[in-house]
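Here is what each chain is made of, one letter per residue.
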Amino acid sequence: ILSRADLRGCVLRDAVFKDAVLDHADLSEGDFVGASFEGADLTGVAAVRVNAEGANFEGATAEGSSWTGSRLFKANLKGAEFLQCSLNACDFRESVCDGADFSGSRGEQAHFEGASLVSATFESVKFARAVFDDAVMTNLRADEKADFSEASMRRIKAVEAHFEEA
């Protein structure tokens, strides 16, 4: 159990945190390249400007956490729950986010270029000026409260996507 652990600035490349409890830990400015957080509890973590390129977050729960300015390039977020998170200016380029739930999150100026967002959920979100160019958004769900104003969605593949209007 690493609840409330102070891991600021740590270099933990390829570390394994599978099913770990890291709730309310501070991971800010840490280097977690290639780390595995599969099934981890990341509720309320501070993860500002983290480098988690190629990290595995499959099935992780990160409700109410802050990932502002973090690099999750080519990360695996399959089935992850990033609920009510701050994801502003996050780099999710080429990440696999199939089945991930971003409901209630803010991801202004986030980058999802080339990401797979199959069956992902974006309900009551604010992703203004986010970039989704070349993303696969098949069966993506976004409700009437989802704000994608000024977002770039060039060349997306969005078969059976649901962008509901009020």
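The model shown is predicted, which means the values in this text are computed figures rather than measured ones. (Residues numbered from 1 in each chain as written. Predicted model: local features only at pLDDT ≥ 70, side-chain atom pairs only at ≥ 80, totals over all residues. Heavy atoms only, no water.)

## Looking at the overall build of the protein
Part 1 of the argument: In terms of regular secondary structure, the protein is built from zero helices and three strands.
Part 2 of the argument: Helices and strands appear in the protein in the N-to-C order β-β-β.
Part 3 of the argument: Dimensions of the protein along its principal axes, counting C-alpha atoms only, are 40 × 25 × 25 Å.
Part 4 of the argument: A total of 166 residues make up the protein; the buried ones form 46% of that total.
Part 5 of the argument: For the protein, the proportion of contacts with a sequence separation of at least 24, taken over those separated by at least 6, is 2%.
Part 6 of the argument: For the protein, the exposed surface amounts to about 7400 Å²; the carbon and sulfur share of it is 45%.
Part 7 of the argument: When the 17 positive and 29 negative side-chain charges of the protein are each reduced to one mean point, those points stand 5 Å apart. (Helix = DSSP H or I, 4+ residues; strand = E, 2+ residues; numbered from the N terminus. Buried < 20%, exposed > 50% of the residue type's maximum accessible area, 1.4 Å probe, protein only. Contact = heavy atoms within 4.5 Å. Areas by Shrake-Rupley, 256 points an atom, 1.4 Å probe, with all protein chains shown as cover. Lys, Arg positive; Asp, Glu negative; His and termini not counted. Charge placed at Lys NZ, Arg CZ, Asp CG, Glu CD.)

## Re the sheet that holds strand 1 (residues 121-122)
Part 1 of the argument: Reading across from one edge, 1-2-3 is the order of the three strands in this open sheet, with parallel pairing throughout. Bordering the open sheet on either side are strand 1 and strand 3 (162-163), each of which pairs with just one other strand.
Part 2 of the argument: Pairing analysis gives two bridges linking strand 1 to strand 2 (residues 141-142), with the strands arranged parallel. Across the sheet, residue Phe122 finds its bridge partner in strand 2, namely Ala142. (Pairing = 2+ DSSP bridges.)

## So, the confidence of the model for the protein
Part 1 of the argument: On average, residues of the protein score 96 in pLDDT, and 99% of them are at 70 or above.
Part 2 of the argument: By mean pLDDT, the top-scoring element of the protein is strand 1 (97), and the lowest-scoring one is strand 3 (83). (pLDDT = per-residue confidence, 0-100.)

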